[in-house]
Amino acid sequence: MANTEGRNQTSITEFVLLGFRDLPELLTLLFLLFRVICIVTLAGNILIVALVVADWHFHTPMYFFLGNLSCLESCYTSTLLPRVLASFLTGDNTISVSGCMTQFYFVSFFAAAECYLLAVMSYDRYSAIYKLLHYAALMNTRFCLSLAAGSWRDGFLAGIIVIVLMLQLTFCGPNKIDHFYCESTEMLNLCCNGTNQIELVITILAAIFTLPPFVLTMMSYVCFIFTILRIPSTAGRQKAFSTCSSHLIVVTIFCGTLIIVYLLPKTNTLRDLNKVFSVCYTILTPMANPFIYSRRNKEVKEALRKIGSKCVDFTRN
């Protein structure tokens with residue numbers, strides 16, 4: 001429960017996001033770094049969405065889910081980084097309570113949806129390996145649409161549940177949030193009234209949206225490893241490992257950091273590293289996804305090469 005002793009009990013109307021103000025000597029470097037990350041993330045993910053939509057070679061279940069993930073990551077990044085960059089430029093770290101709630105809702109929505117979408121992608125890879133003969137019939141268009149839509153819907157509902165409870169809270173001074181975005185743990189520390197109920201709800205939702213995808217992915221990849229080791233050719237084993245390892249990396253980083261932040265006991269060390277872990281699942285993962293999924297993907301590389309060649313020919317003409 002939030003401790004309100006010794007606080008100003010006046011209801012506040014805006015928050016101050018402290019962000020990285022405890023590192024004043026690095027603010028310029030962080031601004032340049034986050035600016036590059038924002039451009040790279042949006043460009044990479046939007047490019048993947050464009051490839052999946054425009055090129056019929058990518059009209060397969062795997063690329064359909066990858067396109068959904070890239071679309072989601074673009075929205076995720078647009079929710080956070082422009083506000084962070086603006087605060088670096090202007091020095092204005094204030095955000096209204098309504099604006100903070102809006103940002104918190106969309107971050108919750110996209111994070112929850114991504115957890116389930118990553119689980120869906122794990123199931124797709126499992127079906128491609130273990131149910132190869134029935135894969136085309138199993139992962140038909142209607143079923144793929146249902147899985148993708150279900151991920152977005154569940155994320156939307158999870159965000160709604162939490163934001164409805166958050167809107168019932170009253171916030172007291174001080175109004176400083178020691179984070180670079182409106183993160184729930186830091187916001188609850190500023191509440192005047194009891195927070196046990198919403199803390200319990202957030203913990204339950206975090207467990208529901210992170211543990212099943214993480215555990216199922218780990219279990220499926222244990223099975224993958226035993227199956228891949230039976231492949232006689234070295235080239236076949238390498239191709240299978242490259243296809244699966246990229247997804248495993250993303251799930252481990254994204255779900256793993258969420259589990260650390262929201263499910264593990266809040267020790268002093270974890271509180272100090274909260275911002276670091278948050279950077280991993282809100283900023284670094286969306287940037288890394290386009291590179292992780294396309295680094296060893298010949299189809300994506302070939303499509304990008306063709307686009308590059310067309311751009312060069314266009315500029316010459």
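Residues numbered from 1 in each chain as written. Predicted model: local features only at pLDDT ≥ 70, side-chain atom pairs only at ≥ 80, totals over all residues. Heavy atoms only, no water.

1. Observations concerning the nonpolar core
F15, F34, F65, M166, F171, M187 and F254 are the most contacted members of the largest nonpolar core, which totals 84 residues. In terms of residues, this core owes the most to one element, helix α3 (residues 97-130), which gives 17 residues. Among residues more than four places away in sequence, those in contact with F254 are Y76, A111, E114, C115, L118, Y281 and T285. (Core = buried A, V, L, I, M, F, W, Y, C linked by side-chain atoms within 4.5 Å. Buried < 20%, exposed > 50% of the residue type's maximum accessible area, 1.4 Å probe, protein only. Helix = DSSP H or I, 4+ residues; strand = E, 2+ residues; numbered from the N terminus. Contact = heavy atoms within 4.5 Å.)

2. Brief notes about the packing of aromatic side chains
Per the stated rule, a full pass over the model turns up 18 aromatic pairs. An angle of 90 degrees between the planes, with centres 6.4 Å apart, marks the rings of Y105 and F156 as edge-to-face. Here Y105 is found in helix α3, whereas its partner F156 is found in helix α5 (residues 141-166), with 51 residues between them in sequence. Taking the relative accessible area as the measure of exposure, F156 reaches 40% and is therefore partly exposed. The interplanar angle of 80 degrees and the centroid separation of 6.1 Å between the aromatic rings of F109 and F156 together place this pair among those described as edge-to-face. With F109 in helix α3 and F156 in helix α5, the pair connects residues that are 47 residues apart, well separated along the chain. Ring-pair connections join several aromatic residues into one group, and the members of that group are Y76, Y105, F106, F109, F110, W152 and F156. (Phe/Tyr/Trp six-rings, centres within 6.5 Å; stacked < 30°, edge-to-face > 60°.)

3. Concerning the state of the cysteines
As enumerated under the stated definition, the model contains 2 disulfides in all. Between the sulfur atoms of C100 and its disulfide partner C182 the distance amounts to 1.9 Å. Judged by the sign of its S-S torsion, about -125 degrees, the bond between C100 and C182 is left-handed. Of this pair, C100 sits in helix α3 while C182 sits in the loop between β3 (176-177) and α6 (184-188); the two residues are 82 residues apart in sequence, bridging distant segments of the chain. (Disulfide = S-S within 2.5 Å.)

4. What to know about the packing of α3 against helix α7 (residues 196-229)
Their axes nearest at 9 Å, the elements α3 and α7 cross at an angle of 20 degrees. As summarised for this structure, α3 and α7 are arranged roughly parallel, according to the angle between their axes. Of the two possible hands of crossing, α3 and α7 adopt the one that is left-handed. Contact residues: α3 offers A112, C115, Y116, A119, S122, R125, Y126, I129 and Y130, while α7 offers I208, F209, T210, P213, T217, S220, C223, F224 and T227. Residue composition of the contact of α3 with α7, grouped by class: 12 nonpolar, 5 polar and 1 charged. (Axes fitted to C-alpha atoms, helices over the stretch in contact; angles between N-to-C directions. Parallel < 35°, antiparallel > 145°, perpendicular 65-115°, else oblique. Left-handed = near helix turned anticlockwise from the far one by under 90°. Nonpolar A, V, L, I, M, F, W, Y, C, P; charged D, E, K, R; others polar.)

5. Overview of α3
Because an α-helix completes one turn every 3.6 residues, residues spaced three or four positions apart along the sequence face the same direction. An ideal rise of 1.5 Å per residue puts 50 Å on 34 residues; α3 measures up with 49 Å between its terminal C-alpha atoms. Taking burial as the measure, the 34 residues of α3 include 24 buried ones, the bulk of the element. (Expected span 1.5 Å × (residues − 1).)

6. Quick notes on the sheet that holds β3
With mixed pairing, the 3 strands of this open sheet are ordered in space as β2-β1-β3. Lying at the two open borders of the sheet, with one neighbouring strand each, are β2 (94-96) and β3. In the sheet, strand β1 (residues 14-17) pairs with β3 via 2 bridges, with the strands oriented parallel. Counterpart to L17 in the pairing with β3 is I177. Along the sheet, α3 makes contact with β1, β2 and β3, crossing β2 at roughly 85 degrees. (Pairing = 2+ DSSP bridges.)

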